[in-house]
Amino acid sequence: MSKKEKLTTASGRPYFENEDSMTAGSKGPILLQDYYLHEKLAHFNRERLPERVVHAKGTGAFGTFKVTNELTKYTKAKIFSKIGNECRVFVRFSTVGGEKGSADTERDPRGFAVKFYTEDGNWDLVGNNTPVFFIKDPKKFPDFVHTQKRDPKTNLKSPTMMWDYWSLNPESLHQVMILFSDRGTPNGYRFMNGYGSHTFSMINSANEMVWVKFHFKTMQGNKTFNASQAEELKATDPDYAQRDFVKAIDKGEFPKWALKIQVMTEEDAKKFRWNPFDVTKVWSHKDFPLIDAGIMELNEIPVNYHADVEQAAFAPSHVVDGIGLSPDKLLQGRIFAYPDAHRYRLGANYEQIPVNRPISPMHHHQRDGMMNINGNGEDNPNYFPNSFDNIEADKSYKESPLVMYSNIADTYDRNENDDDHFTQPGDLYRKVMTVEQRDNTISNIVGAMSGIAGSKKDEIIQRQLSLYYKVDNDLALNIAKGLNFNFKS
Ligand code: NDP
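Residues numbered from 1 in each chain as written. Predicted model: local features only at pLDDT ≥ 70, side-chain atom pairs only at ≥ 80, totals over all residues. Heavy atoms only, no water.

Student: Provide a residue-level description of the overall build of the protein, including the pertinent values.
Tutor: Within the protein one finds 13 helices and 10 strands. The C-alpha radius of gyration of the protein comes to 25 Å, within 12% of the 23 Å expected for a compact globule of 489 residues. Counting only C-alpha atoms and orienting by the principal axes, one finds that the protein spans roughly 80 × 65 × 50 Å. Of the contacts made within the protein by residues no fewer than 6 positions apart, 72% connect residues no fewer than 24 positions apart. For the protein, the distance from the average position of its 62 positive side-chain charges to the average position of its 65 negative side-chain charges is 3 Å. (Helix = DSSP H or I, 4+ residues; strand = E, 2+ residues; numbered from the N terminus. Rg over C-alpha atoms; globule rule 2.2 N^0.38 Å. Contact = heavy atoms within 4.5 Å. Lys, Arg positive; Asp, Glu negative; His and termini not counted. Charge placed at Lys NZ, Arg CZ, Asp CG, Glu CD.)

In structure tokens form, the structure reads like this:
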């Protein structure tokens with residue numbers, strides 16, 4: 001047994017009693033002066049951080065990222081300057097729509113958030129296990145997420161809300177197609193790919209820029225559950241993904257992913273059939289082949305879940321020199337929304353929490369605020385310019401200017417071919433899925449759409465089937481058959 005430690009209060013005073021409260025005599029009421037009791041109860045009341053509105057249930061691990069291909073042609077990011085470069089990473093996987101206690105095998109996209117602790121600062125790739133998303137404009141996000149949460153009256157999940165919204169928002173079709181394939185119920189977190197989803201940019205030392213997409217390919221192979229396996233696990237092991245992940249790492253079976261990039265030049269972007277910054281579209285691998293970048297291995301479960309997993313804060317705005325943003329509208333919205341969520345959930349100094357803290361030095365004039373724990377700049381000036389410190393902005397870090405596609409600031413219109421929400425889900429259905437995967441997708445959709453209820457039921461089903469009809473006639477007709485619905489094509 002390890003050496004005994006003395007029980008103390010949070011302020012460090014050794015304390016004599018941990019279970020019996022101080023009372024007025026042996027049978028009397030508790031005394032207000034039992035400050036140890038107050039401290040214990042009051043802290044307990046404050047144990048929960050506000051639950052993340054999305055991605056509430058998750059798991060995480062530390063690991064390493066090792067570069068396998070020099071990418072200096074595309075980026076001046078130091079991490080990619082030579083083969084063999086390494087950095088530590090922290091990854092959080094999650095489901096999206098459910099609460100913290102929800103089941104791990106729900107049909108849902110999976111969050112796939114990676115923090116690279118590089119010598120140039122933290123680089124976060126905050127993506128999902130799907131290469132696309134349901135919406136392409138951040139203004140739609142609260143509406144969309146409300147449909148995935150609980151009905152305002154019944155407080156139940158509502159297939160009617162979900163399909164009403166999806167059928168009125170055809171740009172969701174591509175993601176909905178993936179979600180209702182068996183990739184919507186992955187076998188835990190080890191056997192799925194991750195995608196940066198958005199278009200990002202890379203800038204090399206000559207300040208030349210290319211557009212980039214990031215893919216993490218699972219090296220364990222893709223494994224999914226069918227609907228009945230996923231349904232059964234909801235009852236028998238709602239924490240399946242957490243258990244599988246922690247157990248594998250504890251046994252020394254460290255999961256690995258190969259990071260790959262796709263590159264599109266500005267010239268290619270002008271010729272691309274769709275808007276290259278539309279997050280509901282992929283770039284075909286045939287036209288934009290995957291290029292090796294590195295290998296990520298996860299090998300260390302944090303010793304304290306709350307300290308690292310619950311307090312982890314990822315943001316797409318955390319990019320490093322040589323890796324930049326793009327005009328992808330959803331990305332632009334997330335640049336605001338993620339740090340804003342962290343400031344609400346963890347406070348203005350959330351980047352001082354160890355799991356979020358960069359390994360590179362920080363020099364700025366931000367000071368004070370709740371939970372400031374890093375010395376707060378000590379006695380250095382908290383204003384700029386000043387005559388005392390030597391912090392200066394280094395202009396060499398300026399990125400090359402973005403090409404503007406229009407000089408009008410008040411346009412709300414969509415881009416060319418923006419209404420084509422059908423070609424890519426059609427390619428997935430016809431060219432990528434096997435017959436068995438197609439059959440499962442149809443039966444998964446039929447199962448979910450069977451839950452649509454109420455006075456608008458037929459209208460919603462007809463509208464969604466019309467969208468599926470544009471993806472693939474047989475797909476729509478088979479779903480209609482499964483629903484026993486008289487579809488008017
Ligand atoms: P490819 O045949 O080169 O690639 C197909 C991709 O689809 C592979 O990455 C594969 O992942 C992935 N995949 C297989 N089954 C599913 C599924 N049920 N849900 C989601 N992804 C799946 O084709 P293209 O690049 O020409 O793209 C064709 C279609 O494939 C696209 O319209 C899109 O729907 C889908 N897709 C394309 C991706 C891309 O970045 N180009 C990425 C993911 C999907 P794996 O290799 O791990 O099996």
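Student: Run through the side chain of Arg110, naming residues and quoting values.
Tutor: Looking at the secondary structure, you find Arg110 in strand β3 (residues 110-118). We note that Arg110 is buried and unpaired, the nearest opposite charge coming from Asp108 at a distance of 5.1 Å. Side-chain polar atoms of Arg110 contact the backbone oxygen of Glu106, separated by 3.0 Å. When sequence neighbours within four positions are dropped, the list of residues in contact with Arg110 reads Ser94, Thr95, Asp104, Thr105, Gly127, Asn128, Asn129, Gly184, Thr185, Pro186, Tyr189 and Met192. (Buried < 20%, exposed > 50% of the residue type's maximum accessible area, 1.4 Å probe, protein only. Salt bridge = Lys/Arg side-chain N within 4 Å of Asp/Glu carboxyl O. Polar contact = N/O pair within 3.5 Å; in protein donor to acceptor, adjacent residues only side chain to side chain.)

Student: So what about the site of the ligand? Which residues, and what values?
Tutor: Near the ligand lie 20 residues; those nearest to it are His174, Asn193, Lys217, Ser284 and His285. Residue His174 places a side-chain N or O atom 2.6 Å away from an oxygen atom belonging to the ligand. At 2.9 Å, a side-chain N or O of Lys217 approaches an oxygen atom of the ligand. Coverage of the ligand by the protein chains reaches 81% of its 790 Å² of free accessible surface. Among the elements of the structure, α4 (173-179), β7 (209-218) and α10 (423-432) are those that each provide at least two residues to the shell around the ligand. Element by element, the count of residues in the shell around the ligand is highest for α10, at four residues. Residues that form the shell around the ligand fall into these classes: seven nonpolar, nine polar and four charged. (Near = heavy atom within 4 Å. Areas by Shrake-Rupley, 256 points an atom, 1.4 Å probe, with all protein chains shown as cover. Nonpolar A, V, L, I, M, F, W, Y, C, P; charged D, E, K, R; others polar.)

Student: Residues and numbers for the side chain of Asn169, please.
Tutor: Along the chain, Asn169 turns up in the loop between α3 (159-168) and α4. Non-local contacts of Asn169, meaning those with residues more than four positions away in its chain, are made with Phe134, Ile135 and Lys140.

Student: Describe in detail the packing of aromatic side chains, supporting the description with residues and values.
Tutor: Scanning all chains against the criterion turns up 32 aromatic pairs. Between Phe65 and Phe116 the ring centres are 5.1 Å apart and the planes differ by 90 degrees, which places this aromatic pair in the edge-to-face class. Of this pair, Phe65 sits in strand β1 (residues 58-67) while Phe116 sits in strand β3, and the two are 51 residues apart along the sequence. Residue classification places Phe65 among the buried residues on the basis of a relative accessible area of 0%. Every member of this aromatic cluster is reached through a ring pair, and the members are Phe133, Phe134, Phe141, Phe144, Trp163, Tyr165, Trp166 and Phe180. Lying over the aromatic face of Phe191, Lys223 brings its terminal NZ or CZ to 4.3 Å of the ring centre. Cation over ring: Arg438 sits above Tyr429, and NZ or CZ is 5.6 Å from the ring centre. (Phe/Tyr/Trp six-rings, centres within 6.5 Å; stacked < 30°, edge-to-face > 60°. Lys NZ or Arg CZ within 6 Å of the ring centre and 35° of its normal.)

Student: Can you tell me about the packing of helix α2 (residues 141-148) against α3, naming the residues and giving the values?
Tutor: In contact at an axis separation of 7 Å, α2 and α3 are set at 145 degrees when each is read in the N-to-C sense. Residue-level inspection shows Asp143, Phe144, His146, Thr147 and Gln148 of α2 in contact with α3, the latter providing Met161, Met162, Tyr165 and Trp166. For the contact of α2 with α3, the per-class residue count stands at five nonpolar, three polar and one charged. (Axes fitted to C-alpha atoms, helices over the stretch in contact; angles between N-to-C directions.)

Student: Before we move on, can you summarise helix α6 (residues 240-250) with the specific residues and values?
Tutor: Among the residues of α6, Tyr240, Ala241, Asp244, Phe245, Ala248 and Ile249 are the ones counted as buried. Viewed along the axis of α6, the buried residues span an arc of 145 degrees, placing them on a single side of the element. Facing away from the buried side of α6 by more than 90 degrees, the exposed set consists of Lys247 and Asp250. Of the surrounding secondary structure, the elements contacted by the buried residues of α6 are β1, β2 (86-95), α5 (227-236) and β9 (291-300). (Arc of directions from axis to C-beta.)

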